[in-house]
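Residues per chain are reported as follows:
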Amino acid sequence: MGSYMQMGANTAGLVSEEGLDGYSGVILSPVNQSQADLRDHVSKFYDKGVADIRLDPQLYSPKAAYRHLPTHDYFPSDIESQEISTTSWWKKLGKQVANYAAMEIGCTSVCSPAILPKKWTDDYYLRCFEGYESLTDSLSTTKLKSILTVCVGYEQLSTADDALRIGSLVAQTKAENCYLVIVSDVEPRREFSSVESLSAILALIYLLEKMSCKVTVSHCGSDMMLFKSAQATNCATGKWWNLRRFAKSRFEESDDEGRQIAYWFEHKLAASIRTADILLLQRDSPKSFGSDLSVNSFGNAILSQFQSEPANPWIGLGWRQYLRWFYDTESTLNSPESLEIVRGWLKDAEQEWEHMEDKDVILEESRNDGRWIRAWRKALSEFTKITKGW
Amino acid sequence: MDPNHIAAAEEVALKLGLKLISFCGAGAYKVTYKTATAEGQIVALKLADRSKCTRERTERETEALKKCSSEFVAKVISVSEHTSDRGTFDVIVEEYLDGGTLDERLLTEKLGRQDIVELLKGLVHALAVLREARLVHRDIKPTNVMFRSGHHAPVLVDFGLVRDLSQSSMTVSWMPNGPGTPYYSSPEQLNNDKALIGWHSDQFSVGVMIAELILDRHPFQSLSMTSAEAIQSVVDRKFIPPCSAAAFEKMRMRCLVQMLKPWPALRYQRPEDLINAIEIE
């Protein structure tokens, strides 16, 4: 059970840094690095003693976000042809990814290739799973571990039967590990808030784990606490709050694309907040700010800097405060009682938001109002009901 | 009995040096005879009429049987083809199972818990062999479970509807329900949910068959229901009624509850998990 650091642009330096050495492994990002850079990073990660270095082929990325992806040897030049509907195409791709991982990159584990479908049909999953079988067969003579990638559409996965169907498709494989990618159009930095979709995703995680298929949820944010409630074995995140999931619309943002804003993750509110919000809460609602999990060593460094050098940027510390919160929290939730723990946290967080509302404490960002917490609490309740008897 | 088939069987027996002893039975497209080799070994001779069934299907059946080397699966001795003015037939010579079918055994014997447990374990071992070979039997029922004389270990027979998951499907997806005997079929078979058909489907059929031995009725049939309504419950992906679950509990056969769950993901994922569950009860 553990946290994985998901690589983004200029992220490799954070791996195994002092205070951030609690991650179980890293997940490579061919979208963000060239093949040569990726190879170089892997070599450095081994030197740093990273236990698990996973390759995620990231073929599910929207075309607009390919960046370095087409320059990697395994990238199929015919990805837009009709061939992708054939078994032979997937078998070949699985083999190519295996060869690339074993011969070119030398990582320790490999997620199977998966693309974004127009429709989430059984046939789509069967084809992807053929890629997994081929990957697994090709890796059988190596020490590399294969992991089944399961992409799910957030908007399309909305009932218990949807979760049961996907779980039953996964059951046709012999996969013992899977990499769950939640594909959605939810705006960057916004929390999932559909009770139906969230409860179905949680049910799917619970089901896969019950099937002895260990789940790593990719591109998590604060929603990691929900996924851990459903007993996900691992959760992965990255330094960019806005990298938390692959939203097709992410790259179409106009006004703040590329602009980086420093965020503090406040555990008591289950929310990311900005500089002005920290000052506001410290002044007007101190009870709602700074729990043990928020004030990690990087949190302390940020608060000290506010005192000593208030004009200095703290974006780097912000990434680290969040990344540290992530694995401390993930570790706390490696417990059979995780569901009850998170229920308690969310109940408390909702009360804090209500308290702030009563005191007219309003945060900087217009939609940073904690409303998703009610949806999360309802999703946990619904999840408990639908999985009863499974 | 079709006299054409009798004549064809006589021709085949002569060609293969077999002596016809008796007629055993006929299915939709296949007839079976008890025969003896020149050395006196008793073997089953099966003739599949090519006018009623494609060569591909017979090939799949025999290839499947050849892939399954197990005491819990009938052994194939030879496969050939016979053409005469009687027609063209695929000819399969198989191990002869002289202990009869489970159906026949039940006419003379009431199985106790230990017999049922041994039967279930034997069938799960057979499913493990099929799963490893990426095969799904799709028609597990009492007439397709046989025994060797003097033995209680079950032997799975009649792979006529076998699905080889490593090959393309021979069944179209627009049919309302897939191949199999509805009474013993899983929800995914009854709904022709082809992508979900795997070893879990055979697990469900074994579950129905074993449950029937305990309950004397279909496990989805509550007291006021007909068999047809029970099958509809399976189609609708319902869970077994509480009265069935209580009976399994009383018999210390709780594993049946999980074997009969409506979705493959909710059943046992590996044959060894099921064997473990049986052994700890």
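Quick caveat: nothing in here was measured; it's all calculated off a predicted structure.

**A closer look at the domain arrangement of chain A**
Residue and element names in this part refer to chain A. One can read the domain layout of chain A as domain 1 (2–252) and domain 2 (264–386). Its C-alpha centre places domain 1 at a distance of 27 Å from the equivalent point of domain 2. The partner domain 2 presents 34 residues to the 43 residues of domain 1 that form the contact. Taken together, both faces of the contact between domain 1 and domain 2 bury some 3,400 Å²; the carbon and sulfur share is 69%.

**Thoughts on the sheet that holds strand E4 (residues 76–84) of chain B**
Residues and elements named next belong to chain B. Strands sit in the order E1-E2-E3-E5-E4 across an open sheet of 5 strands; the sheet is antiparallel. Each edge of the sheet is formed by a strand with only one pairing partner; in this case those strands are strand E1 (19–26) and E4. Pairs of neighbouring strands in the sheet enclose a mean axial angle of 25°, with direction left out of account. Pairing geometry for E1 and strand E2 (residues 30–36), over 6 bridges, is antiparallel.

**Observations concerning helix H7 (residues 227–235) of chain B**
All names here are of chain B. When we look at burial in H7, the residues that qualify are Ala230, Ile231, Ser233 and Val234. Projected down its long axis, H7 shows its buried positions confined to an angular sector of 150°, all on one face. Those residues of H7 that are buried lie in contact with helix H5 (187–190) and helix H6 (199–215). Looking one or two residues past H7, Arg237 carries a phi angle of roughly 55°, positive in sign.

**Description of the packing of helix H10 (residues 338–358) of chain A against helix H11 (residues 371–386) of chain A**
All names here are of chain A. At a minimum axis separation of 9 Å, H10 and H11 run at an interaxial angle of 155°. Considering the angle they form, H10 stands roughly antiparallel to H11. Handedness of the H10/H11 crossing: left-handed. In this structure, H10 uses Leu339, Val342, Arg343, Leu346, Lys347, Ala349, Glu350 and Trp353 to contact H11, whose residues at the interface are Trp372, Ile373, Arg374, Trp376, Arg377, Leu380, Ser381, Phe383 and Thr384. The residue inventory of the contact of H10 with H11, partitioned by class, reads 10 nonpolar, 2 polar and 5 charged.

**Observations regarding unusual backbone geometry**
All names here are of chain A. The backbone phi angle of Ala270 is positive, close to 50°, even though this residue is not glycine. Following the sequence through the fold, Ala270 ends up in the loop between strand E9 (264–266) and strand E10 (271–273). Although it is not a glycine, Asp360 adopts a positive phi angle of roughly 60°.

**Section: the packing of aromatic side chains**
Residue and element names in this part refer to chain A. Here the structure, examined in full by the defined rule, presents 21 aromatic pairs over all chains. Note on Tyr206 and Phe383: the rings are 5.8 Å apart at their centroids and 75° apart in plane angle, and the pair reads as edge-to-face. Residue Tyr206 is found in helix H5 (residues 195–210), and its partner Phe383 is found in helix H11; the two are separated by 177 residues along the sequence. Tyr206 gets classed as partly exposed once you look at its relative accessible area, which sits at 25%. For the pair Trp353 and Trp372, a centre-to-centre distance of 5.9 Å together with 75° between the ring planes defines the contact as edge-to-face. Residue Trp353 is located in helix H10, and its partner Trp372 is located in helix H11; the two are separated by 19 residues in the primary sequence. Like Trp372, Trp353 is buried. Put simply, the rings of Trp120, Tyr124, Tyr125 and Phe129 touch in pairs and so form one group of aromatic residues. Above the face of the Tyr4 ring, Arg54 is positioned so that its terminal group lies 4.3 Å from the ring centre. Over the ring of Trp319 we find Lys239, and its NZ or CZ is 3.9 Å from the ring centre.

About the cut-offs
Residues numbered from 1 in each chain as written. Chains lettered and ligands numbered in written order. Predicted model: local features only at pLDDT ≥ 70, side-chain atom pairs only at ≥ 80, totals over all residues. Heavy atoms only, no water. Domains from an automatic or database assignment. Contact = heavy atoms within 4.5 Å. Buried area = accessible area lost by both parts, 1.4 Å probe. Pairing = 2+ DSSP bridges. Helix = DSSP H or I, 4+ residues; strand = E, 2+ residues; numbered from the N terminus. Axes fitted to C-alpha atoms, helices over the stretch in contact; angles between N-to-C directions. Buried < 20%, exposed > 50% of the residue type's maximum accessible area, 1.4 Å probe, protein only. Arc of directions from axis to C-beta. Parallel < 35°, antiparallel > 145°, perpendicular 65-115°, else oblique. Left-handed = near helix turned anticlockwise from the far one by under 90°. Nonpolar A, V, L, I, M, F, W, Y, C, P; charged D, E, K, R; others polar. Phe/Tyr/Trp six-rings, centres within 6.5 Å; stacked < 30°, edge-to-face > 60°. Lys NZ or Arg CZ within 6 Å of the ring centre and 35° of its normal.

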